[in-house]
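Listed below, chain by chain, are the residues.
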Amino acid sequence: MLLSRLNDGPEIFFTLQGEGVSAGMPAVFVRSSLCNLHCQWCDTDHTWNFEGTPWKHEKDADPGYRKHKKSEVTIETPTTEIVRLVAMHPCRRVVLTGGEPLLQQEAWLEVITGLREIDPAYQFEVETNGTRKPTPEFRAAVNQFNVSPKLANSGMDAKLRLVPETLAGFVADPKAWFKFVAVEDADMDEILTFSREFSVPPERILVMPEGRTSTDLDRHAPAVAARCLLHGWRFCDRLHVRLWGDKRGV
Ligand code: SF4
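Nothing here was measured: the structure is a model prediction, and the numbers come from that model. (Residues numbered from 1 in each chain as written. Predicted model: local features only at pLDDT ≥ 70, side-chain atom pairs only at ≥ 80, totals over all residues. Heavy atoms only, no water.)

### Digging into the UniProt feature "binding site: Mg(2+)" (unreviewed entry) in the protein
Per the UniProt entry, the sites bearing "binding site: Mg(2+)" (unreviewed entry) are Thr44 in this numbering. Taking the relative accessible area as the measure of exposure, Thr44 reaches 11% and is therefore buried. Residue contacts for Thr44: discarding those within four places in its chain leaves Arg31, Gly98 and Gly99. (UniProt positions renumbered as here; feature names shortened; annotations may be inferred. Buried < 20%, exposed > 50% of the residue type's maximum accessible area, 1.4 Å probe, protein only. Contact = heavy atoms within 4.5 Å.)

### Some points on the packing of aromatic side chains
Within this structure, the stated rule accounts for 7 aromatic pairs. With a centroid separation of 6.2 Å and an interplanar angle of 50°, the aromatic rings of Phe178 and Phe194 are classed as tilted. Placement of Phe178 in strand β9 (residues 176–182) and of Phe194 in helix α7 (residues 185–197) is noted, with a sequence separation of 16 residues between them. With respect to burial, Phe178 and Phe194 carry one shared label: buried. The structure contains a cluster of three or more aromatic residues connected by ring pairs, namely Phe178, Phe180, Phe194 and Phe198. (Phe/Tyr/Trp six-rings, centres within 6.5 Å; stacked < 30°, edge-to-face > 60°. Helix = DSSP H or I, 4+ residues; strand = E, 2+ residues; numbered from the N terminus.)

### Section: the site of the ligand
In the region of the ligand, the neighbouring residues are Cys35, Leu37, His38, Cys39, Trp41, Cys42, Thr44, Trp48, Gly99, Asn129 and Lys150. Grouping the amino acids of the shell around the ligand by side-chain chemistry returns 6 nonpolar, 4 polar and 1 charged. (Near = heavy atom within 4 Å. Nonpolar A, V, L, I, M, F, W, Y, C, P; charged D, E, K, R; others polar.)

### Considerations on the nonpolar core
Ranked by size, the top nonpolar core spans 46 residues in total, and within it Val86, Phe138, Phe178 and Ile191 carry the most contacts. For this core, the element with the most residues is helix α3 (residues 105–118), which contributes 5 residues. Excluding its chain neighbours within four sequence positions, the residues that come into contact with Val86 are Ile12, Val28, Val30, Val94, Leu115 and Tyr122. (Core = buried A, V, L, I, M, F, W, Y, C linked by side-chain atoms within 4.5 Å.)

### What to know about the sheet that holds strand β1 (residues 2–6)
With antiparallel pairing, the 3 strands of this open sheet are ordered in space as β2-β1-β5. In the strand order of this sheet, the two ends are held by β2 (9–10) and β5 (74–76), each with one partner. Two strands pair when backbone bridges link them, and β1 and β5 are joined in this way by 3 bridges, in the antiparallel orientation. The residue bridging Leu3 from the neighbouring strand is Ile75, located in β5. (Pairing = 2+ DSSP bridges.)

### A short note on helix α2 (residues 79–87)
When α2 is considered as a whole, its buried residues turn out to be Thr79, Ile82, Val83, Leu85 and Val86. Tucked inside the fold, the buried residues of α2 contact β1, β2, β3 (12–16), β4 (26–31), β6 (93–97) and α3.

### A word on the UniProt feature "binding site: substrate" (unreviewed entry) in the protein
Residues annotated in UniProt with the feature "binding site: substrate" (unreviewed entry) correspond here to Leu16, Gln17, Gly18, Arg31 and Thr97. Relative to the elements of secondary structure, Leu16 occurs in strand β3. Counting through the fold element by element, Arg31 comes out in strand β4. Look past the residues within four positions of Arg31 in its chain and what remains in contact with it is Leu3, Ser4, Glu11, Phe13, Thr44, His46, Thr47, Thr97 and Gly98.

### Re the sheet that holds β4
If you trace the 8 strands from one edge of the open sheet to the other, you get β3-β4-β6-β7-β8-β9-β10-β11, paired in mixed fashion. Edge positions in the sheet fall to β3 and β11 (234–235), since each has one partner strand and no second. Bridge count for β6 against strand β7 (residues 123–128) is 4 bridges, and the pairing is parallel. Paired with Val94 across the bridge in β7 is Phe124. The strands touched by α3 are β4, β6 and β7; relative to β6, the strand with the most contacts, the crossing angle is about 170°. In the packing of α7 onto the sheet, contacts are made with β9 and β10 (205–209), and the angle to β9 comes to roughly 160°. (Axes fitted to C-alpha atoms, helices over the stretch in contact; angles between N-to-C directions.)

Structure follows, in structure tokens:
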């Protein structure tokens, strides 16, 4: 399958889950390449913002920023090799992330099956933008979906970022949690509208402040905390940003 490349190998790393209901738990992350969305602030743009594509990114304004050469940021990796690399870590929680991991469900199923043959105790979380439907087999194999629907601030057309039938499927699935990054009141108004439109219970909504540094998180946190108190959402920090900053592979 096509994974994101970090240095000479696939982007597989052992760390603490930084966001969501499992925040703070040790986990092995496997980052797939490719995404069907192209959010303008995406912090994993190396998974999709390849040379020759028309997508815009807020980093376009940075003098040193260039679109990525696909061969330098992706690596085709056999699923048996992914199983071998994940199993080297002393951890049974695995986070399948991206990009958008649901674009490569069949290959992920092979990874999940391979790891559970080694130890049935493996637990799998999937980080998804919520626009692609899991197959019944994939849904059954996964323990937790961290669904992160994108808001208008992503720059994506609403028809692309909100797929009602797919979202309804996640709402009906008790394994799914809904996670949002918010900066300002307008974002939180949009989350409220989303929760009403798709009937998501407030206790399954997690909202975290936007920020690539602890200072940014601190600046946005009070407004997010206030709205969590008001609407019954769960406040969520971004532990990886606090511990390691805006770095890859940690
Ligand atoms: S859906 Fe996620 S990975 Fe894809 S572009 Fe948006 S933020 Fe990036």
